[in-house]
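This is what each chain is made of:
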Amino acid sequence: SSPHLQTYNERAQRHANKAARALLRVMEEKQSNLSVSVDVTKSKDFFDIIEAVGPHVCLIKTHIDILEDFDPTVIDRLRELSEKHKFLIFEDRKFADIVPWHCSIQKGSTRSQDWAHITNAHAVPGPSIITGLASVGIPKDRGLILLAEMSSKGALTTGSYTEDAVRMARARRDFVIGFIAQHRMEGIGASDTDNIAGEDFLVLAPGVGLDATGDAMGQQYRTPEQVVFESGCDVIIVGRGIYGKGENVDTREVLKQAQRYQAAGWEAYKKRVQR
Ligand code: BMP
């Protein structure tokens, strides 16, 4: 059966990429397909949120360069928490340049190649972006996510762009583990001669909210039920729906919201894989 009808556990046993296997196993173990996107600018808020949501997430998504008080100890602590609470780390760096520069960025001030199990790239530079990031990521058992569809209003990531992104991923299934997208992507853009048997792309969906339908800047939200059950995505990415403004965070409220999204995401998944 197609991957989105299989359990995370079944997929974990078969997946070709180590980071994908680890993520799928953690999802099953913690009964969580929730990734919290920790988009705050002070490291105190950053860690308060991660400590609160850690037991309830499979993946912490970072924009590490928005921390105003970043220093290397941030990474040490993030890695400790990743082991303590058993979540993977996804640096949402959205690489989109020619090869030399995104390799340099990964070795630069935040050294994301050393700690992010997963990072992502836009498909717009073409296949070289994958080759370049794979040269750094494969030796460290990392996984790459391509942006195939964006959640923002008016996004250009539609139609043939999305298909081309999936084709690029298909050619590097050892390293590209899935997509940022709003729908399941298996088989998209494949010709009759393409071997898509065993293809298993994880779809991570941002733009998830239970209370709002969007923000004032073009973000659009759908519910975990729509994203996971109706559209077949695997991981829900939630930011402000869980921590609000992200300043002086109320950790009890953050915990409550994380549990709420975890339950909604898991329920939608159970409904999907029910046979
Ligand atoms: P929020 O739930 O607060 O709207 O945050 C969504 C997060 O997902 C942000 O970190 C944003 O960078 C990211 N994101 C998105 O919203 N839409 C996309 O298409 C791709 C993203 O990475």
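As recorded in an unreviewed UniProt entry, the protein chain goes by the name Orotidine 5'-phosphate decarboxylase, listed as coming from Suillus fuscotomentosus. Regarding the protein chain, the UniProt comment filed under Pathway (unreviewed entry) reads as follows: "Pyrimidine metabolism; UMP biosynthesis via de novo pathway; UMP from orotate: step 2/2."

## Notes on the sheet that holds strand 1 (residues 34–37)
The eight strands lie next to each other as 1-2-3-4-5-6-7-8, forming a closed barrel whose pairing is parallel. Each strand of the sheet is rotated relative to its neighbour by a mean of 25°, with strand direction disregarded. Where strand 3 (residues 88–95) and strand 4 (residues 118–122) come together, three bridges link them in parallel fashion. Across the sheet, the residue bridging to Phe-95 is Ala-121, located in strand 4.

## As for the UniProt feature "active site" (unreviewed entry) in the protein chain
Mapped onto this structure's residue numbering, the UniProt feature "active site" (unreviewed entry) falls at Asp-92, Lys-94 and Asp-97. As for its placement among the helices and strands, Asp-92 is situated in strand 3. Once you skip the residues sitting within four places of it in the chain, Asp-92 turns out to touch Lys-61, Thr-62, His-63 and Asn-120. Considering the arrangement of structural elements, one finds Lys-94 in strand 3. Judged by its relative accessible area of 27%, Lys-94 falls in the partly exposed class. When residues no more than four places from it in sequence are discounted, the contact partners of Lys-94 are His-63, Asn-120, Ala-121, His-122, Leu-147 and Met-150. Of note is the side chain of Lys-94, whose polar atom sits 2.9 Å from the side chain of Asp-92.

Rules used in this analysis
Residues numbered from 1 in each chain as written. Predicted model: local features only at pLDDT ≥ 70, side-chain atom pairs only at ≥ 80, totals over all residues. Heavy atoms only, no water. UniProt positions renumbered as here; feature names shortened; annotations may be inferred. Pairing = 2+ DSSP bridges. Helix = DSSP H or I, 4+ residues; strand = E, 2+ residues; numbered from the N terminus. Axes fitted to C-alpha atoms, helices over the stretch in contact; angles between N-to-C directions. Contact = heavy atoms within 4.5 Å. Buried < 20%, exposed > 50% of the residue type's maximum accessible area, 1.4 Å probe, protein only. Polar contact = N/O pair within 3.5 Å; in protein donor to acceptor, adjacent residues only side chain to side chain.

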